[in-house]
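# Coordinates in review
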Amino acid sequence: MSKAYQGVVPGLLESFDEMKRIRHDIHRHPELGYQEQRTSGIVADFLERWGYQVRRGVGGTGVVGTLRAGDGKRSIGLRADLDALPIREAGEHAHASVNQGVMHACGHDGHTVMLLAAARELAATRNFSGTLNVIFQPAEEGGAGALAMVEDGLFDQAPCDAVYALHNYPTPTLKFGQMAIGAGPIMASVDSLIVTVHGKGGHAASPHFTHDPIVVSAAIIQALQTIVSRNISPYDCAVVSVTSIHADGAFNVIPGQVEMKLSVRAYDEAQRSLIIARIQDIVQSQASCFGTTAQVQAASARYPVLVNAEEPVQNAREVAQRHFGADSVVDHPPIMAADDFAFMAQRVPACYINIGAGEGAPLHNAHYDFNDDLILVGGSFWVHLAQTLLR
């Protein structure tokens, strides 16, 4: 630990070296969504050793640990994510990934260990009354692991009055350990779409004998940019981005088909539906104008808007300010990133929190590495939250 931090639980200081070793081990052996067998096995083994009732394989590779103490009737869920990203790590630290092309570039190794550190302390002290559910979910990065857990009976087997999530955020807008907490829509929905334009290819010297899908795609791309500017109120936010365009043409070949990838984000479900409908209309009408056909299909799971509920937000704010200081909490502005914790928030009152990780490489960057000191602050927040709400 580089310095002393306000609010850190003494027991987490004692276990810090062990928790760092676990984090570094998980970082060295990252696993993609629904492949987290090693990681989930480590988590489940520790929880069983500490006295939790453990369910493995929830939603594929998820783990849920349940610990009861006293006679309290309340129950809460604390969630961490397990999966890594398909990125080749550029860092040279001793715990760099040994799995080529896979790395923990979003800090899920740190989220896992923050929750493990808290789980260990809460099991050792049992200084709460009620039911604690620690939820380690797979496949957050595009695989909708939260939805898979919910559909696999997560909240039927482990009922929760509220569920919380904590995500590190390396940005100069948040001081180290400072928490962004807010009610209402805080993270956007995300829809990943594939648009395929079917034309008629031919020789580049004779375009009049073709139905050029490149030209059609250009018209579609231009038209898509009018959706937000002309269909969404200027007081609201939405994004329609074309992130890839691919064809098999050559210098002298007009291709017969073009594939485009789209990322669509919104803060309102009605606007989200409107945007998807407008994309369908534009793609079909533009294709028809040029004598071609086109189709739009979902490329992966669709994440809904993440909406934080008032009561858990207020609880999280009070706990953070009581233990870490009045300036430890800032309002959470809506951001265009998405998280499948939104599926849990649709079922149970929820609060998703971003916590400042200090300066460093941004998330999803090949040079990123989780700040180990955050294990102390984030883990201590989990302990304080559980002991406050379960009493």
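Keep in mind it's a predicted model, so treat the numbers as computed, not measured.

Turning next to the overall build of the chain. Within the chain, the secondary structure is distributed over 12 helices and 16 strands. Relative to its length of 391 residues, the chain is compact, with a C-alpha radius of gyration of 23 Å against a globular reference of 21 Å. Across its three principal directions, the C-alpha atoms of the chain cover 80 × 45 × 40 Å. Every one of the 391 residues in the chain was classed for burial, and the buried ones make up 55%. Taking all contacts inside the chain whose residues are at least 6 apart in sequence as the whole, residues at least 24 apart take part in 81%. Surface exposure of the chain reaches about 16200 Å², of which carbon and sulfur atoms provide 50%. Counting 28 positive and 40 negative side-chain charges, the chain places the averaged centre of each group 2 Å from the other.

By the assigned domains, the chain splits into domain 1 (3-188 + 305-389) and domain 2 (189-302). One C-alpha centre belongs to domain 1, the other to domain 2; they are set 37 Å apart. With 13 residues of domain 1 at the contact, the number on the domain 2 side is 13 residues. In total, domain 1 and domain 2 occlude about 900 Å² of area from one another, counting both sides; carbon and sulfur atoms represent 65% of this. The three residues of domain 1 that bury the most area against domain 2 are A188, V305 and M336, which together make up 58% of that side's buried surface.

Next up on the list: the packing of aromatic side chains. All chains considered together, the criterion is met by five aromatic pairs. Here the aromatic rings of F341 and Y352 are separated by 5.9 Å at their centres, their planes lie at 45 degrees, and the arrangement is tilted. Residue F341 is located in helix α11 (residues 341-345), and its partner Y352 is located in strand β16 (residues 350-356); the two are separated by 11 residues in the primary sequence. With relative accessibility at 0%, the residue F341 sits in the buried group. Given a relative accessible area of 2%, Y352 falls into the buried group.

Once that is clear, we can look at unusual backbone geometry. Phi at Y34 is positive, roughly 65 degrees, even though this residue is not glycine. Counting through the fold element by element, Y34 comes out in the loop between α2 (16-28) and α3 (37-49). A positive phi angle, close to 55 degrees, is found at A144, a residue other than glycine. Counting through the fold element by element, A144 comes out in the loop between β4 (130-137) and α5 (145-151).

In this section: the sheet that holds strand β1 (residues 53-58). Picture the strands of a sheet paired through backbone hydrogen bonds; they go either parallel or antiparallel. One open sheet accounts for eight strands, arranged β1-β2-β4-β3-β5-β16-β6-β15; its pairing is mixed. Two strands lie at the open edges of the sheet, namely β1 and β15 (329-331), each paired on one side alone. In this sheet, neighbouring strand axes are inclined to one another by 25 degrees on average, regardless of whether the strands run parallel or antiparallel. Two elements, strand β3 (residues 75-81) and strand β5 (residues 162-169), share four bridges in a ladder whose sense is parallel. Counterpart to G77 in the pairing with β5 is V163. Here α3 sits on the sheet in contact with β1, β2 (62-69) and β4, set at roughly 165 degrees to β1.

The residues that UniProt annotates with the feature "domain: Peptidase M20 dimerisation" (unreviewed entry) are residues 193-286. The annotated region residues 193-286 carries 38% helix and 32% strand content, and the separation between its end C-alpha atoms amounts to 17 Å.

What follows covers the environment of R347. Looking at the secondary structure, you find R347 in the loop between α11 and β16. Residue R347 is classed as partly exposed on the basis of its relative accessible area, which comes to 47%. Not counting residues up to four positions away in its chain, the partners in contact with R347 are V150, F155 and D156.

The positions that UniProt labels "binding site: Mn(2+)" (unreviewed entry) are, in the present scheme, C106, H108, E141, H167 and H364. Taken along the chain, the residues just named run across 259 residues; in space they keep tight, none of their C-alpha pairs more than 13.3 Å apart. Inspection of the secondary structure puts H108 in helix α4 (residues 108-125). According to the relative accessible area criterion, H108 is buried, its value standing at 1%. Contacts of H108, omitting those with residues within four sequence positions, involve D81, L82, D83, E140, E141 and H167. As for its position among the elements, H364 is in the loop between β16 and α12 (374-389).

Cut-offs applied
- Residues numbered from 1 in each chain as written.
- Predicted model: local features only at pLDDT ≥ 70, side-chain atom pairs only at ≥ 80, totals over all residues.
- Heavy atoms only, no water.
- Helix = DSSP H or I, 4+ residues; strand = E, 2+ residues; numbered from the N terminus.
- Rg over C-alpha atoms; globule rule 2.2 N^0.38 Å.
- Buried < 20%, exposed > 50% of the residue type's maximum accessible area, 1.4 Å probe, protein only.
- Contact = heavy atoms within 4.5 Å.
- Areas by Shrake-Rupley, 256 points an atom, 1.4 Å probe, with all protein chains shown as cover.
- Lys, Arg positive; Asp, Glu negative; His and termini not counted.
- Charge placed at Lys NZ, Arg CZ, Asp CG, Glu CD.
- Domains from an automatic or database assignment.
- Buried area = accessible area lost by both parts, 1.4 Å probe.
- Phe/Tyr/Trp six-rings, centres within 6.5 Å; stacked < 30°, edge-to-face > 60°.
- Pairing = 2+ DSSP bridges.
- Axes fitted to C-alpha atoms, helices over the stretch in contact; angles between N-to-C directions.
- UniProt positions renumbered as here; feature names shortened; annotations may be inferred.

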